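Per-entry structural report
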Amino acid sequence: MDKLNAPYLPHTEEDIKEMCSVIGVDSVEDLLCSFPSELLLSEELKLPKGKSEQELKESLTLLSEKNITSAEFASFLGGGSYNHYTPAVVDSVLTKGEFFTAYTPYQPELSQGTLQAIFEYQTYICQLTGTDVSNASLYDGASASAEAVLMAFRRTRRKVALISGGLHPEYTETIETYLGATSVEGSQSSDGQNKDKKIIKTPLSLKSGRTDIKALKSLINKETACVLIQSPNFFGSIEDLFELSRIAHENGALFIVVVTEALSLALLKPPGELGADIVVGEAQSFGCGLNYGGPYLGFMGVKDSMLREMPGRLVGETLDSAGRRSFCLTLATREQHIRRSRATSNICTNQGLLALACTTYLSALGKGGLMRLARLNLSKAEYLKAELTKIKGVEVAFSSPVFNEFTVKITSKLSIKEIQKSLSEEGIFGGLSLGEFYPENKEQEKNLLIAVTEMNSKEEMDSLAGLLEKILKR
């Protein structure tokens, strides 16, 4: 092996020969004999020659410079990923050697520091969601939503999930993927497919942008395992959770609430206090940054009665042999820890480092700071909404109240793509085109989803309104 052409491969030819000799084969290729020949490469991959560390760094730097970020452009993008400010203290804590690792914190002999951080994270999630118990985090909001639906199937032994049309389309797709190979009892069916469970999507009111109550009542029945609602939903509309919860519970179904903008929990009444049995969502807003779409942080809070149905891990507080406050891994429902047939999830990790980021962020802001930040987001969104609707050819798409995100309808002949392109030429990411998420729905082709956070100055908002007015006059 030419070490000069493979500087990142540590094994020499002598190393490889010695390892093969120990395990009883003549070459590495002998280890691949069980694979069908048509799956094996018959020639070398046509890859460029390896580069030195310096050359590689230069290449990656040039590649990264092709990206345009929210640090360079004024961003009004949302739809599940929000441009919030991350205090310096978050990275300061995350990069401490005691924490800064990709290793999954799931062993019972975890350090007290890590266990306490997770315990405090769980406490924050319970306080924000109004639930009794939280787990030690999940991959992201989409997978957390899918886990919640699986919980509902296990709990009720029913076969139908009613999912609001206001749920993020990518979350819906993730749920469908999870259900594709899982039966009600939590085991795979004989052909690897799940034929006994199904998702029914409940429509939105075209006027309010909320879940259509009348349609939901006509769809729910004794086969319904859960009603899943996102609030604020994908269009920015705040749902009537109390009424939706009442309908779900009257029919013996669980009520699941998904929150993609976690900051809204600092201002809106907690879903758990409005009847939610399970609250899940995405906590990216709490110190995690945009990160080009990941890694993100899924959270889950449930009622006390559903504790043993939760996936993942739970850290508890106790006393040690000397009577001192201490923390321990209290519940672990992974198949690595308990009988596979009893496992409620096979997820192999939680976002421990990002849960620490969330905990640090919330600790730094405190209750008062978080509420002031939420009010600032709300007021900025209302200001921009008022400014945009002064423009001829722009109108608010839905009548429902919003938090920091709203949908506008462009009545001009210009397409949303043309408008976005013109705005980007002026250094503005002008919102999400909803037509891209609903290509089959002509109603969405003229809808633009706009998010406003504390990162958007008045000057940026005025610039967006002014430029949009000029573009629509062309």
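All of these numbers come straight from a predicted model, not from anything done at the bench. (Residues numbered from 1 in each chain as written. Predicted model: local features only at pLDDT ≥ 70, side-chain atom pairs only at ≥ 80, totals over all residues. Heavy atoms only, no water.)

What about the overall build of the protein chain?
The number of helices and strands found in the protein chain is eleven helices and 15 strands. In the protein chain, which comprises 474 residues, the share counted as buried stands at 50%. Carbon and sulfur atoms form 54% of the exposed surface of the protein chain, whose accessible area is close to 24,200 Å². (Helix = DSSP H or I, 4+ residues; strand = E, 2+ residues; numbered from the N terminus. Buried < 20%, exposed > 50% of the residue type's maximum accessible area, 1.4 Å probe, protein only. Areas by Shrake-Rupley, 256 points an atom, 1.4 Å probe, with all protein chains shown as cover.)

Quick word on the state of the cysteines
Inspection of every chain in the model, using the stated rule, returns zero disulfides. This cysteine, Cys288, is not joined by any disulfide, and Cys358 carries the nearest cysteine sulfur, 6.5 Å off. (Disulfide = S-S within 2.5 Å.)

Things to note about the sheet that holds strand β7 (residues 278-282)
Strands pair in a sheet through their backbones, by hydrogen bonds, and they do so in one of two ways: parallel or antiparallel. Pairing in this open sheet of seven strands is mixed, and the strands run β2-β8-β7-β6-β5-β3-β4 from one edge to the other. The open sheet is flanked by β2 (133-134) and β4 (198-202), the only strands paired with a single partner. Both β7 and strand β8 (residues 298-302) contribute to a ladder of five bridges, which runs antiparallel. Note that in β8 the partner of Gly281 across the bridge is Phe299. (Pairing = 2+ DSSP bridges.)

Here we look at the pattern of salt bridges
As enumerated under the stated definition, the model contains 14 salt bridges in all. Close ionic contact of Glu317 with Arg325 constitutes a salt bridge, the shortest N to O distance being 2.5 Å. For Glu317, a relative accessible area of 43% puts it in the partly exposed group. Ionic pairing is found between Lys442 and Glu445, a salt bridge with its closest N-O pair at 3.3 Å. With a relative accessible area of 62%, Lys442 lands in the exposed category. Among the ionic contacts, a cluster of salt bridges with common partners joins Glu243, Arg246 and Glu250. (Salt bridge = Lys/Arg side-chain N within 4 Å of Asp/Glu carboxyl O.)

What to know about the nonpolar core
Ranked by internal contacts, the top residues of the largest apolar core, which has 44 residues, are Val227, Phe255, Leu263, Phe286, Leu297, Phe299 and Leu370. When residues of this core are traced back to their parent elements, those giving at least two are α3 (88-94), α4 (112-129), β3 (160-164), β5 (224-230), α8 (241-250), β6 (254-259) and α9 (352-388). (Core = buried A, V, L, I, M, F, W, Y, C linked by side-chain atoms within 4.5 Å.)

A few points about the sheet that holds strand β14 (residues 432-433)
Within the open sheet, the four strands sit side by side as β11-β12-β15-β14. Their pairing is antiparallel. Unpaired on one side and paired on the other, β11 (394-396) and β14 mark the two borders of the sheet. The pairing of β14 with strand β15 (residues 447-451) spans two bridges and is classified as antiparallel. If you follow Leu432 over to β15, its bridge partner there is Leu449. Packed on one face of the sheet, α9 meets β11, β12 (405-410) and β15 and runs near 10° to β12. (Contact = heavy atoms within 4.5 Å. Axes fitted to C-alpha atoms, helices over the stretch in contact; angles between N-to-C directions.)

Structural notes on the pairing of strand β9 (residues 313-319)
Each regular strand carries side chains that alternate between the two faces of the sheet. Pairing geometry for β9 and strand β10 (residues 325-332), over seven bridges, is antiparallel. By the bridge assignment, Gly316 is partnered in β10 with Cys328. Counting the residues between successive antiparallel strands, the hairpin from β9 to β10 contains five residues, one of them, Gly323, with a positive phi of roughly 80°.

Overview of the pairing of β5
Most of β5 sits out of view: seven of its seven residues are buried. Inspection of the sheet shows β3 paired to β5 by four bridges, in the parallel sense. For Ile163, the partnering residue across the bridge sits in β5 and is Leu228. Two elements, β5 and β6, share five bridges in a ladder whose sense is parallel. If you follow Gln230 over to β6, its bridge partner there is Val258. One crossover worth recording links β5 to the parallel β6 by way of α8, and it is right-handed. (Right-handed = clockwise from strand over helix to strand, strands pointing away.)

Focus: the environment of Ile163
Assignment of secondary structure puts Ile163 in strand β3. Once the C-alpha coordinates of Ile163 and Ile229 are considered, the two residues, 66 residues apart in sequence, prove to be 6.5 Å apart. Those residues in contact with Ile163, other than ones at most four positions away along the chain, are Thr172, Ile175, Ile199, Ile200, Lys201, Thr202 and Leu228.

Quick notes on empty space enclosed by the protein
All told, the structure shown has one cavity of 30 Å³ or more when counted by the stated rule. The computed volume of the largest cavity comes to approximately 40 Å³. Residue lining of the largest cavity: Phe235, Ser237, Lys385, Val396, Phe398, Ser400, Val402, Phe406 and Thr407, and that is the complete set. Its residues placed into classes, the lining of the largest cavity shows five nonpolar, three polar and one charged. (1 Å grid on protein atoms, 1.4 Å probe; cavity = no way out; pocket = protein on both sides within 12 Å on 5 of 7 lines; lining within 4 Å. Points joined across faces, edges and corners; volume = space filled by probe spheres on them. Nonpolar A, V, L, I, M, F, W, Y, C, P; charged D, E, K, R; others polar.)

A short note on the environment of Glu239
Checked against the element boundaries, Glu239 lands in the loop between β5 and α8. Between the C-alpha atoms of Glu239 and Gly166, which are 73 residues apart in sequence, the distance is 9.2 Å. Residues contacting Glu239, with those up to four places away along its chain left out, are Ser164, Leu204, Arg210, Thr211, Ile229, Gln230, Ser231, Asn233 and Leu244.

Description of the side chain of Ser164
Relative to the elements of secondary structure, Ser164 occurs in strand β3. By relative accessible area, Ser164 is classed as buried at 2%. A polar contact of 3.0 Å, which involves the side chain of Ser164, links it to the backbone nitrogen of Gly166. A polar atom in the side chain of Ser164 sits 2.8 Å from the side chain of Thr211. (Polar contact = N/O pair within 3.5 Å; in protein donor to acceptor, adjacent residues only side chain to side chain.)

Comments concerning the side chain of Gln420
The topology assignment puts Gln420 in helix α10 (residues 416-424). Apart from the residues lying within four places of it in its own chain, the contact partners of Gln420 are Gly431, Leu432, Ser433, Glu436 and Leu448.

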